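Inside the fold
Below are the chains, spelled out letter by letter.
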Amino acid sequence: MASRDVQLGTIQTKIPGRLDRLPWSNFHWRVVIGLGAVWILDGLEVTMVGAVASRLTQSGSGIEINSAQIGLAGAVYVAGACLGALFFGQLTDKLGRKRLFMITLIVYLVATVATGFAFAPWYFFLARFFTGAGIGGEYAAINSAIDEMIPGRVRGRVDLIINGSYWLGAVGGNLAAVVLLDKALFPADIGWRIAFGIGAVLGLGVLYVRRGIPESPRWLFIHGYQDQAEEIVGGIEQDINDRTTAELADPGDSLTIRQRRSIPFREIAKVAFKTYPRRSVLSVALFVGQAFMYNGITFNLGLLLTTFYDRSADIVPFFIAGWAVSNFAGPVILGPLFDTVGRKPMISISYLGSAALGVVLAFVMISGTSNIWLFMIVLVATFFLASSGASAAYLTVSEIFPMETRALAIAFFYAIGTAVGGIAGPLLFGALINSKDAGLVSIAFFIGAGVMALGGIAELFFGVKAERASLESIAMPLTAGEADDDGSADSKDRQDD
């Protein structure tokens, strides 16, 4: 369909400026809780598999699966997340944020319940695939919606803390696993099944909260629903005025938008490959780096501790929970610096610093030491930095591409980067751990450090100054300004940095 067939009218709007000027309010807390909770769900899911992995491989678990297959299950989950992100991501840009963040959560709920009924490896893989698909779809819908409704001055720290909340799910999942894996309380073939039910219960609570979160006003006014967008923003402003005597700041200049019901895919593709090629390279590098290291360790840490440090399956969740706390602490402590010091220096420090510590981890493995505390101290330090970098990868892609392509951009670069790093990581770590040779496992750590370093170098060269800036100033909407004869938005001032 030609782009002129889907054009509506041309409007002037101050909605972006009105959203960015808002003081922090109850509305923003609802957005953070209702939408950000997806990361807690993801953390619960991924680390739950790591926590119960040792039990799954034991006799009497109710499913015959080995260490290598646990690594494969991790890869299958990530593959589902990649495909789910691409499928649901393009629907998110087309149909709206709210419709999709409700649908993807339902997909996750059904699939995670199904995981608890696994009786054979193939069924376990299938359930994990669809669980990943739901979570992958959430990434696109949630990150785009959050960034479009959170004021620009605090977007960096809020995004990092929300993405870092993944590790709150990891802590909760691992501590719950301690109880559920206790054979004195639950049979070996029952406890791990209940563990997956925890995610479903939390998901139902999130589903209830999300009912009260509106569609993104930015999506609405671009797609021809200006009146609805005005009503939502006006309601938020009225609620703030009722609760405080402070005067709202001037929203600034108007933005001219040529509204469309849909954006031709050829125009979306041109954004990544012609208008912003440097930003595209940056996005891939950041996602590959964090996905390899994180997925490789997360899916296999339990096996690594039981195999090389002789810790029982009942104790492993305590170690994983401690590691998870450090991962959450990174974005919380360093997050404000992403809005003050800036994106470019902080992302570079996060990636390059964790890469250097990853090399130290590799040498710890080569040494063959049985000192688990040495290993855990270096691991905690590594991921204190890496967690901020990983969260910043999602923040970066969500910020640096135009409004009309935001969800699909998140999905596309998440899928590409994660397909390369997120699938290879669990497979490589799982296979090398299965060899029971610490020297071979160190190879995976060296590779992980290398790809993290590449992400840091890409940020140094291609990073975008986005701190405290409006989304429209970082990447002007495709529909902004005057239009060409064929209806395509004028691309001036939107070329790559």
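Residues numbered from 1 in each chain as written. Predicted model: local features only at pLDDT ≥ 70, side-chain atom pairs only at ≥ 80, totals over all residues. Heavy atoms only, no water.

Of all hydrophobic cores here, the largest spans 150 residues; its most connected members are L35, F124, L305, Y309, W323, F375 and F445. Top element by residues in this core is helix α16 (residues 372–400). It accounts for 15 residues. Excluding its chain neighbours within four sequence positions, the residues that come into contact with F124 are L56, I63, I65, A73, T115, A118 and F196. (Core = buried A, V, L, I, M, F, W, Y, C linked by side-chain atoms within 4.5 Å. Buried < 20%, exposed > 50% of the residue type's maximum accessible area, 1.4 Å probe, protein only. Helix = DSSP H or I, 4+ residues; strand = E, 2+ residues; numbered from the N terminus. Contact = heavy atoms within 4.5 Å.)

This brings us to empty space enclosed by the protein. Taken as a whole and assessed by the stated rule, the structure comprises 3 cavities of 30 Å³ or more. Forming the boundary of the largest cavity are 21 residues, of which W39, D42, Y166, Q290 and Y394 lie nearest the centre. Elements represented by at least two residues in the lining of the largest cavity include exactly α2 (26–56), α3 (67–95), α7 (166–180), α12 (277–298), α16 and α17 (406–434). (1 Å grid on protein atoms, 1.4 Å probe; cavity = no way out; pocket = protein on both sides within 12 Å on 5 of 7 lines; lining within 4 Å. Points joined across faces, edges and corners; volume = space filled by probe spheres on them.)

On to helix α14 (residues 316–340), then. The end-to-end C-alpha distance of α14, which contains 25 residues, comes to 38 Å, matching closely the 36 Å that a straight helix rising 1.5 Å per residue would cover. The largest bend in α14 is about 40 degrees, located at L334, with the proline P336 one to four residues further on. Positive phi shows up at G342, right after α14, with a value of about 125 degrees. (Expected span 1.5 Å × (residues − 1). Bend = angle between axes of the 7 residues up to and from the residue.)

With that out of the way, let us pick up the confidence of the model for the protein. Residues at a pLDDT of 70 or more form 92% of the protein, whose mean pLDDT is 84. Long-range and interchain partners of residues 1–5, a stretch whose pLDDT sits below 50, account for 9 contacts in this model, where long-range means more than four residues apart. Confidence over residues 482–494 falls short of pLDDT 50; this stretch has 31 contacts with residues more than four positions distant or in other chains. (pLDDT = per-residue confidence, 0-100.)

Before going further, it helps to spend a moment on the packing of α12 against α16. Relative to each other, α12 and α16 sit at 145 degrees, their axes nearing to 9 Å. Relative to α16, the crossing made by α12 is left-handed. Packed against α12, whose contacting residues are R279, L282, S283, L286, F287, Q290, M293, Y294 and I297, the element α16 presents T382, F383, A386, S387, A390, A393, Y394, T396, V397 and I400 at the interface. For the contact of α12 with α16, the residue count by class is 13 nonpolar, 5 polar and 1 charged. (Axes fitted to C-alpha atoms, helices over the stretch in contact; angles between N-to-C directions. Left-handed = near helix turned anticlockwise from the far one by under 90°. Nonpolar A, V, L, I, M, F, W, Y, C, P; charged D, E, K, R; others polar.)

The next point concerns the packing of aromatic side chains. Inspection of the entire model under this criterion finds 24 aromatic pairs. Consider the rings of F119 and W122, whose centres lie 5.7 Å apart with planes at 85 degrees: the pair is edge-to-face. F119 gets classed as partly exposed once you look at its relative accessible area, which sits at 49%. In this structure W122 comes out as exposed when scored by relative accessible area, which is 52%. On the numbers, 4.9 Å between centres and 90 degrees between planes, the contact of F287 with Y394 is edge-to-face. Within this pair, whereas F287 is found in helix α12, its partner Y394 is found in helix α16, the two being separated by 107 residues in sequence. Considered together, F287 and Y394 belong to a single accessibility category, that of buried residues. (Phe/Tyr/Trp six-rings, centres within 6.5 Å; stacked < 30°, edge-to-face > 60°.)

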